[in-house]
Structure formats: structure tokens, C-alpha cells
Amino acid sequence: MGSSRDRAISVYPARSIHIEELSDVLTRVFHPTAGVGVVILPFVRAGVREDLKRRMQRSAAQYRCLGAWQNARLIGTVEIGLRRALGGDSDRRYPFIANLAVLPQHRHCGAARQLLTTAENVVRTWGCPQIYLHVMEDNRPARMLYHRLGYRLWRSRRTIWTALGCPRQLLLCKQLDTANARSSEN
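So, here's what we can say about the structure. Remember, predicted model here, so these are calculated numbers, not experimental data.

1. Observations regarding the sheet that holds strand 7 (residues 169–175)
Okay, step 1: Judged by pairing direction, the sheet is mixed, and its seven strands sit side by side in the order 1-2-3-4-5-7-6 without closing on themselves. Only two strands of the sheet have a single neighbouring strand rather than two, namely strand 1 (9–13) and strand 6 (152–157). Strand-to-strand twist across the sheet, computed as the mean angle between neighbouring axes with direction ignored, equals 25 degrees.
Okay, step 2: Relative to strand 7, strand 6 runs antiparallel, the two being bridged by five bridges. By the bridge assignment, Leu153 is partnered in strand 7 with Leu172.
Okay, step 3: Its contacts with the sheet place helix 4 (residues 140–148) against strand 4 (93–102), strand 5 (130–136), strand 6 and strand 7, and it is angled at close to 160 degrees to strand 5.

Pasting the structure below:
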């Protein structure tokens, strides 16, 4: 049997029937599973599940959750939503990528790239000229991927956590070519 690189990955919109799988992936990627983390993990997963349910009730014109499947198993996910304009009182909204997560044993096989590319295609159909995302300054693998895909630093954000030694949060932006986007809607 081949490695995970040898098996095709399919990316498509997740639906409410996928919430359990999605919460499991997000919990396993973003929350500790050792020590005290094991004790609180069921509560964290329940919170993630409820947050996902709430977000998935939004209209498809304002939110989309994508999943990456390999051999009928969810191995990764990403969410795209419209958020209020950066640094202003404007009612303008901009597309923002959040919660890009790929299970550790399935990394380096193209799943994150496919999730991001599909997310960008969704945003193009919304007619938006840019897309944004946050990445932690110390997350070198993610920063390298985003750079290769054309994301550039928009601004750096210091928080109280930065003063305590935590890495800065970087806001990246990518300019999208929206020509002919409506004809290739997912």
C-alpha cells in the first residue's frame, strides 16, 4: 500500500452531517492531547462543535467550511467568512480564512494547498479582490506555504501575549484575480 501522498485528496464544502468529524480534526490539531489536556478535551470538542454549528447556519454568501477527504476520511478543513473591514468603522466586509487544519499524519501531501486554493476560488465567486488570514510568526511551515501561494504581510499585531513572550500574529493578504470567477463557481 502507498503512502498518504499516493492517495487522491478531494476538497468540497462540508455540511452539517460532517460536524463531528470537523470538530474532531479541529480539536486534535489546535488543542493539546497530553497531560491535563486529555481531561478537558471532551469539553473543548463540545465547544468547537457548537461554534461550528452556529457558523454553518450562516448563508453560503457569507461563510463556507471546506473539508479535505482522503479515502472517505476527513483529514483537513478550512473556513472562509466575511468579516468587518480592517481598522475602521466601515460596514464593508472582507473575506478571511480561518481554522486551516490538517491532521499531522496527513501533512506534506498537498491537503493544505488544496484547501487554500479551493477557498480562494470560493472567494473569487463572491467577487472579492483580496483574501486575508492570520498566522503566528513562529509557524514557519505555514508561513512558507502562504508565501509560495502569494500571500504577503499586510500588518503585524502585537498583543499582551506578545509582551509575555508569545509570537506576534501576522495578518497576510493575497490579491485575487476575480476575472471570470463567477463562471467557475464551486
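2. Observations concerning the pairing of strand 4
Okay, step 1: For strand 4, a buried count of eight out of 10 residues is recorded, marking the element as mostly surrounded by other parts of the structure.
Okay, step 2: Here strand 3 (residues 73–84) runs beside strand 4; their pairing, made up of eight bridges, is antiparallel. Of the residues in strand 4, the one forming a bridge with Leu82 is Pro95.
Okay, step 3: Note that strand 4 and strand 5 share two bridges and pair parallel. Residue Phe96 lies in a different strand from strand 5, and its bridge partner there is Tyr132.
Okay, step 4: This β-α-β element, strand 4 to helix 3 (residues 111–125) to strand 5, shows right-handed connectivity.

3. Notes on the nonpolar core
Across soluble globular proteins, nonpolar side chains have a tendency to be buried as a group.
Okay, step 1: Counting 31 residues, the largest nonpolar core has Ile97, Leu115, Leu116, Leu133, Tyr146 and Tyr151 as its most contacted members.
Okay, step 2: Elements with a contribution of two residues or more to this core: strand 1, strand 2 (63–70), strand 3, strand 4, helix 3, strand 5, helix 4 and strand 7.
Okay, step 3: Setting aside residues no more than four positions away along its own chain, Ile97 makes contact with Val78, Glu79, Leu116, Ala119, Ile131, Tyr132, Leu133 and Tyr151.
Okay, step 4: Counting residues in each nonpolar core, the second largest holds 14 residues, with Ala14, Leu22, Cys65 and Trp69 among its members.

4. Things to note about the pairing of strand 5
Every other side chain in a regular strand lies on the same face of the sheet, so the side chains alternate between the two faces.
Okay, step 1: Among the seven residues in strand 5, five count as buried, and that is most of the element.
Okay, step 2: The sheet contact formed by strand 5 and strand 7 spans seven bridges and is antiparallel. Residue pairing across strands places Leu133 opposite Leu172, the latter belonging to strand 7.

5. Looking at the environment of Asp177
Okay, step 1: Note on placement: Asp177 falls in the segment after strand 7.
Okay, step 2: Residues Asp177 and Cys128 lie 49 residues apart in sequence; the distance between their C-alpha atoms is 9.0 Å.

6. Let's talk about a nonpolar patch on the surface
Okay, step 1: Together, Val39, Ile40 and Phe43 make up a nonpolar patch on the protein surface, roughly 340 Å² of accessible area in all.
Okay, step 2: Residue position: Ile40 is located in helix 2 (residues 36–56).

7. Structural notes on the pattern of salt bridges
Okay, step 1: With the rule as written, the count across this model stands at eight salt bridges.
Okay, step 2: Where Asp51 meets Arg54, a salt bridge forms, and the shortest distance between an N and an O atom there is 3.7 Å. Here Asp51 and its partner Arg54 are both found in helix 2, three residues apart, which amounts to about one turn of the helix.
Okay, step 3: Overall, Asp51 belongs to the partly exposed group, its relative accessible area being 35%.
Okay, step 4: For Arg54, a relative accessible area of 45% translates into the label partly exposed.
Okay, step 5: For Glu79, the salt bridge goes to Arg55, with nearest N and O atoms at 2.5 Å. Taken together, the residues span a long stretch of sequence, with Glu79 in strand 3 and Arg55 in helix 2 at a distance of 24 residues. As far as burial versus exposure is concerned, Glu79 and Arg55 are alike and both buried.
Okay, step 6: A single salt-bridge network, built from bridges that share partners, covers Asp24, Arg28 and Arg45.

What counts as what
- Along each chain, residues carry numbers from 1 onward, in the same order as the chain's sequence is written.
- Where local features are concerned, this predicted model is filtered to residues with pLDDT of at least 70; where side-chain atom pairs are given and counted, the filter is 80 or more; whole-chain, interface and lining totals use all residues.
- Heavy atoms throughout the structure, all of them, feed into the side-chain values; hydrogens and water do not.
- Two strands qualify as a pair provided that DSSP identifies no fewer than 2 bridges between them.
- For the purposes of this entry, the term helix denotes a DSSP run of H or I that reaches at least four residues, the term strand denotes a run of E that reaches at least two, and both are numbered from the N terminus.
- Fitted lines through C-alpha atoms serve as axes, helices being fitted only where they are in contact, and the angles separating the N-to-C directions of these axes extend from 0 to 180 degrees.
- Between two residues, a contact is recorded if the distance between any of their heavy atoms is within 4.5 Å.
- Partly exposed describes any residue whose relative accessible area lies between the buried limit of under 20% and the exposed limit of over 50%, with all areas from a 1.4 Å probe on protein chains only and scaled to the type maximum.
- Orienting the strands away from the viewer, one traces the path from the first strand over the helix to the second; a clockwise path indicates a right-handed crossover.
- To qualify as a nonpolar core, a set must consist of buried Ala, Val, Leu, Ile, Met, Phe, Trp, Tyr and Cys residues joined through side-chain atoms within 4.5 Å.
- A residue counts toward a patch only above 30% relative accessible area and without a salt bridge, and it is joined to like-charged neighbours within 9 Å or, for Val, Leu, Ile, Met, Phe, Trp and Tyr, to nonpolar neighbours within 5 Å.
- The accessible surface values rely on the Shrake-Rupley method and a 1.4 Å probe; as for residues, cover is taken only from the protein chains in view.
- Every case where a carboxyl oxygen of Asp or Glu lies within 4 Å of a side-chain nitrogen of Lys or Arg is listed as a salt bridge.

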